[in-house]
Amino acid sequence: MQILDVQHPFFRPLWRRIAVVVFCLGWGAVELRSNEPFWAILFGALGVYCAWQFFFVFRQKTDKAKGPDQ
């Protein structure tokens, strides 16, 4: 079990993936503005990680069963 399973079906809709990335990056900006560099780096890194996983690595699961040769 992972702490943040980015392949979970909850993240299938695009709007949820966008919302998570925007929230994390936005919160990192708020923390940076509040002069809290630790939390800014933490949330900024989480936002970048989520963006990478959701928009470059994320695999949509299809309902059709595909064989290993397809």
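Now for a quick tour of the structure. Along every chain, residues carry numbers that run from 1 in the direction the sequence is written. Only residues with pLDDT of at least 70 are given local features in this predicted model, and only at 80 or more are side-chain atom pairs given and counted; all residues enter the totals for whole chains, interfaces and linings. As a rule here, side-chain values come from all non-hydrogen atoms in the structure, and water together with hydrogens is ignored.

## Looking at the overall build of the chain
Broken down by element type, the chain carries two helices and zero strands. Working definition: with a 1.4 Å probe on protein chains only, accessible area under 20% of the residue-type maximum means buried, over 50% means exposed, and in between means partly exposed. With 70 residues in all, the chain has 21% of them scored as buried. By sequence separation, contacts in the chain at least 24 residues apart represent 58% of the contacts at least 6 residues apart. Under the convention used here, a 1.4 Å probe and the Shrake-Rupley method define accessible areas, while residue burial counts only the protein chains that appear. Summed over all atoms, the accessible surface of the chain reaches about 5800 Å², with 66% contributed by carbon and sulfur. What counts as a helix is a DSSP run of H or I of at least four residues, what counts as a strand is a run of E of at least two, and both are numbered from the N terminus. Contact between two residues is taken to exist if any of their heavy atoms lie within 4.5 Å; hydrogens are not considered.

## Quick word on the side chain of Gln53
Within the secondary structure layout, Gln53 lies in helix H2 (residues 37-57). The class of Gln53 is buried, set by a relative accessible area of 15%. With residues up to four places along the chain from it excluded, the contact list for Gln53 reads Val6 and Phe58.

## What about the packing of helix H1 (residues 14-33) against H2?
Geometrically, a packed helix pair is captured by the angle between its two axes and the distance between the axes. Interhelical geometry of H1 versus H2 gives an angle of 160° and a closest axis separation of 7 Å. In this view, H1 runs roughly antiparallel relative to H2, as classed from their interaxial angle. For the pair H1 and H2, the crossing hand works out as left-handed. Across the interface between the two elements, Leu14, Arg17, Ile18, Val20, Val21, Cys24, Leu25, Trp27, Gly28, Glu31 and Leu32 from H1 touch Trp39, Ala40, Phe43, Gly44, Leu46, Gly47, Val48, Cys50, Ala51, Phe54 and Phe55 from H2. Under the scheme applied here, ten amino acids are nonpolar (Ala, Val, Leu, Ile, Met, Phe, Trp, Tyr, Cys and Pro), four are charged (Asp, Glu, Lys and Arg), and all others, including Gly, are polar. Considered class by class, the residues forming the contact of H1 with H2 number 17 nonpolar, three polar and two charged. Note on method: axes are straight lines fitted to C-alpha atoms, helices fitted across the in-contact stretch only, with angles between N-to-C directions ranging 0 to 180 degrees. Comment on the angle field: the value is read as roughly parallel under 35 degrees, roughly antiparallel over 145, roughly perpendicular from 65 to 115, and oblique elsewhere. The crossing is said to be left-handed when, going from far helix to near helix, the turn is anticlockwise and less than a right angle, and right-handed when the turn is clockwise.

## A short note on the side chain of Glu31
Inspection of the secondary structure puts Glu31 in helix H1. His is not counted, nor are the chain ends, whereas Lys and Arg count as positive and Asp and Glu as negative. Whenever Lys or Arg places a side-chain nitrogen within 4 Å of a carboxyl oxygen from Asp or Glu, that contact is recorded as a salt bridge. Buried charge without a partner: Glu31 forms no salt bridge, and the closest opposite charge is Arg33, 12 Å away. Excluding anything up to four places from it in sequence, Glu31 contacts Glu36, Trp39 and Ala40.

## Overview of unusual backbone geometry
In this structure, Asn35 is a non-glycine residue whose phi angle is positive, near 65°. With respect to the element layout, Asn35 can be found in the loop between H1 and H2. On the basis of relative accessibility, which here comes to 63%, the residue Asn35 falls in the exposed class.

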